[in-house]
Amino acid sequence: MKVATVLAQFNDIRNAVTDAKKALPYFIKENNGNGEFDVYQALCGLYYELGDLENGLLYSKKAVRLAESLTTVKGKFDDVNYPGENEYFKEKRLFHAYYWIGRFYSLAGDYENAFAYFGKASNHKWDNRWAPLWTAAMGNLNRVTGNYDSALVYFDP
């Protein structure tokens, strides 16, 4: 997975996709939902950079399904030594899954679904850690749909 990240940094996105996909069977075989989700999230970012709507929607849908199913699984961190870690990862997965699928629906011109998924993402910003991503996406979505006054609300500091 680290190889895919490095390749992406050097704009070798197609090879980064290939390397990220190589990691998937390992995580699935080991029943490692966190690792599997990380690969889906990376693939979403890579496919967005490529403008590959079909694969982006495919993997963002997988990410949403997995993130939602992992909400019922007890995390690997104990609450005594790592208070809040399980909740943090749950919120992070949900935010990023909804964020990416919203971006792909926006790219596809399906603005109704884009607004719906960005709305879901807004419930999982975890103390506003990912608020800048969400704010920019909402501002841009409002801009492309012609809601310029609403866009300014998101873009105005």
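Throughout this description, residue numbers start from 1 for each chain and increase along the sequence as written. Two thresholds apply to this predicted model, a pLDDT of at least 70 for residue-level local features and 80 or more for giving and counting side-chain atom pairs, whereas whole-chain, interface and lining totals are computed over all residues. Calculated side-chain values reflect all of the structure's heavy atoms, with hydrogen atoms and water omitted.

Side note on helix H4 (residues 53-70)
Phase 1 of the analysis: Counting from the N terminus, the helices are the DSSP runs of H or I reaching at least four residues and the strands are the DSSP runs of E reaching at least two. Here the expected length of a helix is defined as 1.5 Å per residue gap, with one fewer gap than residues. Taking 1.5 Å of rise per residue, 18 residues should cover 26 Å, and H4 covers 25 Å from first to last C-alpha, within 8% of that figure.
Phase 2 of the analysis: When H4 is considered as a whole, its buried residues turn out to be Gly56, Leu57, Tyr59, Ser60, Ala63, Val64, Leu66, Ala67 and Leu70.
Phase 3 of the analysis: Its side-chain oxygen 3.4 Å from the backbone nitrogen of Glu54, Asp52 forms the N-cap of H4. Here's how the labels work: a residue is buried when its accessible area is under 20% of the maximum for its type, exposed when over 50%, partly exposed in between, all with a 1.4 Å probe on protein chains only. Residues adjacent in sequence count toward polar contacts only when both atoms are side-chain atoms; beyond that, a polar contact is any pair of N or O atoms within 3.5 Å, and within protein one must be able to donate a hydrogen and the other to accept it.

Quick notes on the nonpolar core
Phase 1 of the analysis: In terms of nonpolar packing, the biggest core is built from 40 residues, with Val39, Leu43, Tyr59 and Phe118 touching the most fellow members.
Phase 2 of the analysis: Contributions of two or more residues to this core are made by helix H2 (13-29), helix H3 (33-50), H4, helix H5 (85-108), helix H6 (111-122) and helix H7 (131-144).
Phase 3 of the analysis: Of the residues forming this core, the biggest block, ten residues, is contributed by H5.
Phase 4 of the analysis: When checking whether two residues touch, look at their non-hydrogen atoms; a contact exists if any pair is within 4.5 Å. Those residues in contact with Leu43 that sit more than four places away from it in its chain are Val17, Ala20, Lys21, Leu24 and Tyr59. Nonpolar core, defined: a set of buried Ala, Val, Leu, Ile, Met, Phe, Trp, Tyr and Cys residues in which side-chain atoms within 4.5 Å join the residues together.

Observations concerning the packing of H6 against H7
Phase 1 of the analysis: Every axis in this analysis is a line fitted to C-alpha atoms, fitted for helices over the stretch in contact. Angles between the N-to-C directions lie between 0 and 180 degrees. At a minimum axis distance of 11 Å, the contact between H6 and H7 shows a crossing angle of 160°. By the angle between their axes, H6 is roughly antiparallel relative to H7. At the point where H6 passes H7, the crossing takes the left-handed sense. Within the contact between the two elements, H6 uses Tyr111, Ala114, Phe115, Phe118, Ala121 and Ser122 and H7 uses Trp134, Ala137, Met138, Leu141, Asn142 and Val144. To sort the angles, those under 35 degrees are grouped as roughly parallel, those over 145 as roughly antiparallel, those from 65 to 115 as roughly perpendicular, and the leftovers as oblique. A crossing counts as left-handed when the near helix is turned anticlockwise from the far one by less than a right angle, and as right-handed when that turn is clockwise.

Regarding the confidence of the model for the protein
Phase 1 of the analysis: A residue-level look at the protein finds 84% of positions with pLDDT of 70 or above and a mean pLDDT of 86.
Phase 2 of the analysis: Here helix H1 (residues 2-9) is the element of the protein with the lowest mean pLDDT, 49, and H6 is the one with the highest, 96. Across the chain, each position has a pLDDT score giving the predictor's confidence in that residue, from 0 to 100.

Section: H7
Phase 1 of the analysis: Counted at 1.5 Å a residue, the expected span for H7 with its 14 residues is 20 Å, and the 20 Å between its end C-alpha atoms agrees.
Phase 2 of the analysis: Three or more residues of H7 are buried, namely Ala131, Trp134, Ala137, Met138, Gly139, Leu141 and Asn142.
Phase 3 of the analysis: Once H7 ends, the next one or two residues include Gly146, with phi positive near 85°.

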